[in-house]
Amino acid sequence: MNDHAVLHVKGRILVGPEDIRDDLWIIDGRVSYDRPATARDIRTVEGWALPGLVDAHCHVGLGPHGPVDKDVAEKQALTDRDAGTLLLRDAGSPSDTRWTDARDDLPKIIRAGRHIARTRRYIRGYAHEIEPEDLTAYVAQEAERGDGWVKLVGDWIDREAGDLTPTWPRDALESAIAEAHRLGARVTAHCFSEDSLRDLVEAGIDCIEHATGLTDDTIPLFADRGVAIVPTLVNIGTFPTLAAGGETKYPRWAAHMRRLHERRYDTVRNAYDAGVPVYVGTDAGGTLPHGLVADEVTELVTAGLPPVEALAATTWKAREWLGRPGLTEGAPADLVVYAQDPRTDVRVLADPSHVVLNGRAVR
């Protein structure tokens, strides 16, 4: 925008769940609540405005078999953008997506480097596959490559056991997580099962992805330590299909996956009720399409979160957790406008009327 081009957003500006304003002005790509005195070229949009949505578990540059070409990664990012998702925590990718930082038409990405997994204990082509004695070194490497996050694979199917088992011994976790924290990075981990959680949390983990294995024994531990979860319920919805595909070879694992799926909503609601921080993530990339953030918010409401809390998990609270601004004075103008109040029906999120990124209307 030039010095005199201004975008005026009017209606209901949801700066916070209770902080609602009538007007917002976008001047030189930034948020202002003061009408500019000299503006000549003003465009006005009306509706209910929210900070750009957050997908806290997303994989730009990742496909079913590993890294994808740049043009595919671009389409993934554009799909998220057009859904109103303007901030992504890329929870592990083998692709270098830093080229997107130079594009003011693509969502902002907070990277966690590449997944770190045990040898032959994750999806082929996705992760560094290593043994415990190398975990600290690889965590340090990915902490340097990422944007303040590192991603571990905390459990996966053990072919000999025929079920999910933890992938890392406790001492390796303690050393690796301590090193990440020394380097200023937070650590998250993929976890489906029950048995991997206590060691990870007591070793100092900051977040757990999926967290389907939470129980009455471990939920208080998460709450006491302030460990967040990103449930990715749209991904957990695929568990019955996964179980059916592995039933013949791994019947114990298949039955376990079905149990985790059956109690998924109770698990999330119980965690939320206990005070565990819950954030929105879709697990887009790999096998799931991008642009599912509205579906995930709806799933959190189905699980029992109050609609405003589910909304906060992809807006105000999520941005604060990730250290990125919302609709504050002087912040980059990343926002989404809707025709109706998303606090009364979160399904409104599926149909944005305007998407503004870096102060420019991109939809």
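The coordinates are above.
Keep in mind that what you see is a predicted model, and the values were worked out from it rather than measured.

Student: An account of the environment of Pro 307 is needed here, citing residue identities and associated values.
Tutor: Mapped onto the secondary structure, Pro 307 falls in helix H11 (residues 307-312). Judged by relative accessible area, Pro 307 falls into the partly exposed class, the value being 31%. The spacing of Pro 307 and Trp 48 is 259 residues in sequence and 16 Å in space, taken between C-alpha atoms. Apart from the residues within four sequence positions on either side, Pro 307 is in contact with Val 301, Arg 343 and Val 346.

Student: Which residues make up the sheet that holds strand E8 (residues 85-90), and what values go with them?
Tutor: As summarised here, the arrangement of the three strands in space is E5-E8-E9, forming an open sheet in which the pairing is parallel. The strands lining the two open edges of the sheet, one partner per strand, are strand E5 (53-58) and strand E9 (108-111). Averaged over all adjacent pairs, the angle separating strand axes in this sheet is 20 degrees, with direction ignored. In terms of strand pairing, E8 meets E9 through four bridges, oriented parallel. Looking across to E9, one finds that Arg 89 is bridged to Ile 110.

Student: Kindly report on helix H2 (residues 135-145), identifying the contributing residues and their values.
Tutor: The set of residues buried in H2 consists of Leu 135, Val 139, Ala 140, Glu 142 and Ala 143. Those residues of H2 that are buried lie in contact with strand E10 (116-118), strand E11 (128-130), strand E12 (149-153) and helix H3 (170-182).

Student: Lay out the layout of surface pockets with the relevant residues and their values.
Tutor: Size it by volume and the largest pocket reaches roughly 860 Å³. If you go around the largest pocket, you meet 30 residues; those closest to its centre are Tyr 122, Ile 123, Tyr 126, Trp 156 and Leu 242. For the lining of the largest pocket, the secondary structure elements donating two or more residues are strand E13 (155-158) and helix H8 (251-262). Residue classes in the lining of the largest pocket are distributed as 14 nonpolar, 10 polar and six charged. Counted as a void, the second largest pocket has a volume near 200 Å³. Lining the second largest pocket are 15 residues, and of these Ser 93, Ser 95, Asp 96, Gly 113 and Arg 114 lie nearest its centre.

The rules behind each value
- Residues numbered from 1 in each chain as written.
- Predicted model: local features only at pLDDT ≥ 70, side-chain atom pairs only at ≥ 80, totals over all residues.
- Heavy atoms only, no water.
- Helix = DSSP H or I, 4+ residues; strand = E, 2+ residues; numbered from the N terminus.
- Buried < 20%, exposed > 50% of the residue type's maximum accessible area, 1.4 Å probe, protein only.
- Contact = heavy atoms within 4.5 Å.
- Pairing = 2+ DSSP bridges.
- Axes fitted to C-alpha atoms, helices over the stretch in contact; angles between N-to-C directions.
- 1 Å grid on protein atoms, 1.4 Å probe; cavity = no way out; pocket = protein on both sides within 12 Å on 5 of 7 lines; lining within 4 Å.
- Points joined across faces, edges and corners; volume = space filled by probe spheres on them.
- Nonpolar A, V, L, I, M, F, W, Y, C, P; charged D, E, K, R; others polar.

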